[in-house]
Amino acid sequence: MNRKLNMILLALLLCASWLPASAAEKDTTFVASGNPIVSYKYLGDPAALVYDGTVYIYAGHDECPPPEQYYLMNEWCILSTTDMKTFTEHAYTLKAKDFKWAKGEAWASQVIERNGKFYWYVTVEHATIPGKSIGVAVADSPLGPFKDARGSALITNDMTTEYTSIRWDDIDPTVYIDEDGQAYLFWGNTQCYYAKLKENMIELDGPIKPIQLPRFTEAPWIHKHNGWYYLSFASEFPEKICYAMSRSINGPWEYKGILNEIAGNSNTNHQAIIDFKGKSYFIYHNGSINPNGCGFRRALCIDRLYYNEDGTIKRIQMTTEGITK
Ligand code: FUB
């Protein structure tokens, strides 16, 4: 009898904490009450763009119903804020199937601006070349609508088989435009890669090069602060975020250790790091919405990030309160 009651209670708990895969029908504005920023929808792999006084957050939509444990991700969502407290979730979403050559699977992505155009680099499963691929969509506004910029993948799994035979190493793109105007694409799983991009942002401009980073898993993110380049990444599994620093985007990268510990109830950890209105922020996901969250029902969070005098970064303090001032 007790066992039956327990099963019923567990089933009720799982149903109560399941959020349907709802797309916002119109732009919706709300004030975040701490972390997670959004609790009506599961969002993972956040990337952030600071543009014209606004922070845009681009995140994958986790849609996997409990108790299933796999990535069910069909689209990426956009949120924006001008004060890190009041957020608008925009109705427009980019779908993995907007890339006609892709089978689906909206894994991690990033948006970057160049010359008034916005480029959204995404991870998807390729329909005909086995494995994950990186595509790029373009728009005239950070809010879209975005269109496949090439009609084909920018990176496919067969371009990197000399480094690893796994089929999911070409994931998690991050793009940085250096001060001389040269753009770089970094990405990877197990092995981190980088390559130059042409000024058109949709073609490679040179060879793919491997970067050696200790215990690299995935989720590279490039940013620059006070003359230092930072390459942060998810490490080991379950994942922590670690980072390396360099005076040049081409390295050598000096490993600096852990930046963020394992994020509660999520086996993955995926970060965006930005400066905005004089403060630095760490935007990430954990599994704090659903008790059965694990890595497949993730929650968007934001906390402050602080640098030391020598440019190293203090360990992130993940909080429930989030951004309070
Ligand atoms: O969301 C799918 C994958 O999980 C991402 O591409 C990785 O970074 C990990 O967060």
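Going along each chain's sequence as written, the residues are numbered from 1 onward. Reporting of local features is limited, given that this is a predicted model, to residues whose pLDDT is at least 70; pairs of side-chain atoms are given and counted only at 80 or more, and all residues count toward the totals for whole chains, interfaces and linings. Hydrogens and water molecules were not included; the side-chain quantities draw on all heavy atoms of the structure.

### Points about unusual backbone geometry
Working step 1: The residue after N35, namely P36, is reached through a cis peptide bond having omega 0°.
Working step 2: Per the convention used, a helix needs a DSSP run of H or I reaching at least four residues, while a strand needs a run of E reaching at least two, with both numbered from the N terminus. Summarising the element assignment, P36 is placed in the loop between strand 1 (28–31) and strand 2 (42–51).
Working step 3: Phi at D45 is positive, roughly 55°, even though this residue is not glycine.
Working step 4: Unlike most non-glycine residues, A219 shows phi in positive territory, near 60°.
Working step 5: Within the fold, A219 resides in strand 15 (residues 216–225).

### A few points about the site of the ligand
Working step 1: A cutoff of 4 Å decides nearness: a residue is near a molecule or strand if any of its heavy atoms lies inside that distance of it. Neighbouring the ligand are D45, Y71, M73, W107, A108, D172, E218, T268, H270, H285 and R298.
Working step 2: In the model, an oxygen atom of the ligand is placed 3.3 Å from a nitrogen or oxygen of the A108 main chain.
Working step 3: Starting from 280 Å² of accessible surface for the ligand in isolation, the protein chains cover 99%.
Working step 4: Looking at the shell around the ligand residue by residue, the classes come out as four nonpolar, three polar and four charged. For this analysis, a polar contact is any N or O atom pair within 3.5 Å, provided that within protein one partner can donate a hydrogen and the other can accept it, and provided that sequence-adjacent residues contribute only side-chain to side-chain pairs. What sets the accessible areas is the Shrake-Rupley method with a 1.4 Å probe; for residues, cover comes only from the shown protein chains. Only Asp, Glu, Lys and Arg are considered charged in this grouping, and only Ala, Val, Leu, Ile, Met, Phe, Trp, Tyr, Cys and Pro are considered nonpolar; every other residue, Gly among them, is considered polar.

### Thoughts on the pattern of salt bridges
Working step 1: The salt bridge definition used is simple: a Lys or Arg side-chain nitrogen within 4 Å of an Asp or Glu carboxyl oxygen. This model, assessed by the stated rule, comprises 14 salt bridges.
Working step 2: Ionic pairing is found between R298 and D45, a salt bridge with its closest N-O pair at 3.6 Å. Residue R298 is located in the loop between strand 20 (279–286) and strand 21 (299–304), and its partner D45 is located in strand 2; the two are separated by 253 residues in the primary sequence.
Working step 3: Under the scheme applied here, a residue whose accessible area is under 20% of the maximum for its type counts as buried, over 50% as exposed, and between as partly exposed, the area being computed with a 1.4 Å probe on protein chains only. You can call R298 buried: its relative accessible area is 1%.

### Quick word on the sheet that holds strand 21
Working step 1: The pairing criterion is simple: DSSP has to find at least two bridges between the two strands. Spatial ordering of the open sheet is given by 19-20-21, a layout of three strands whose pairing is antiparallel. Where the open sheet ends on each side, the last strands, each with one partner, are strand 19 (272–276) and strand 21. Strand-to-strand twist of the sheet, defined as the mean angle between neighbouring strand axes without regard to direction, takes the value 25°.
Working step 2: Direction of pairing for strand 19 relative to strand 20: antiparallel, over a ladder of five bridges. When the sheet's bridge partners are listed, I274 is paired in strand 20 with Y281. Between N-to-C directions, angles span 0 to 180 degrees; the directions come from axes that are lines fitted to C-alpha atoms, helices contributing only their stretch in contact.

### Examining the pairing of strand 21
Within a regular strand, side chains alternate between the sheet's two faces.
Working step 1: Within strand 21, five of the six residues are buried, leaving the element largely enclosed by the surrounding structure.
Working step 2: The pairing of strand 20 with strand 21 spans six bridges and is antiparallel. Among the inter-strand pairings, H285 is bridged to a residue of strand 21, identified as L300.

### Here's the deal with the environment of K198
Working step 1: Summarising the element assignment, K198 is placed in the loop between strand 13 (191–197) and strand 14 (209–211).
Working step 2: Here the alpha-carbon distance between K198 and Q182, two residues 16 residues apart in the chain, equals 7.7 Å.
Working step 3: Only heavy atoms enter the contact rule, under which two residues are in contact if any of them lie within 4.5 Å. Setting aside anything within four residues of it in sequence, one finds K198 in contact with E203, L204 and D205.

### Some points on the state of the cysteines
Working step 1: In plain terms, two cysteine sulfur atoms within 2.5 Å form what is called a disulfide here. For the coordinates displayed, the defined rule picks out zero disulfides.
Working step 2: In this model C77 remains outside any disulfide bridge; the closest cysteine sulfur is found in C301, 16 Å from its own.
Working step 3: Note on C77: relative accessible area 0%, which makes it buried.
Working step 4: The buried category is assigned to C301, whose relative accessible area is 0%.

### With respect to the nonpolar core
Working step 1: Membership of the largest hydrophobic core comes to 38 residues, with the highest contact counts inside it found for I57, I283 and I302.
Working step 2: What I283 contacts, discounting residues up to four positions off in sequence, is P46, A48, I57, H270, Q271, A272, I274, L300, C301 and I302.
Working step 3: Listed in part, the 23 residues of the second largest apolar core include A106, V122, V124 and I171. Throughout, nonpolar core names a set of buried Ala, Val, Leu, Ile, Met, Phe, Trp, Tyr and Cys residues whose side chains join them through atoms within 4.5 Å.

Remember, this is a structural readout, not a statement about activity or role.
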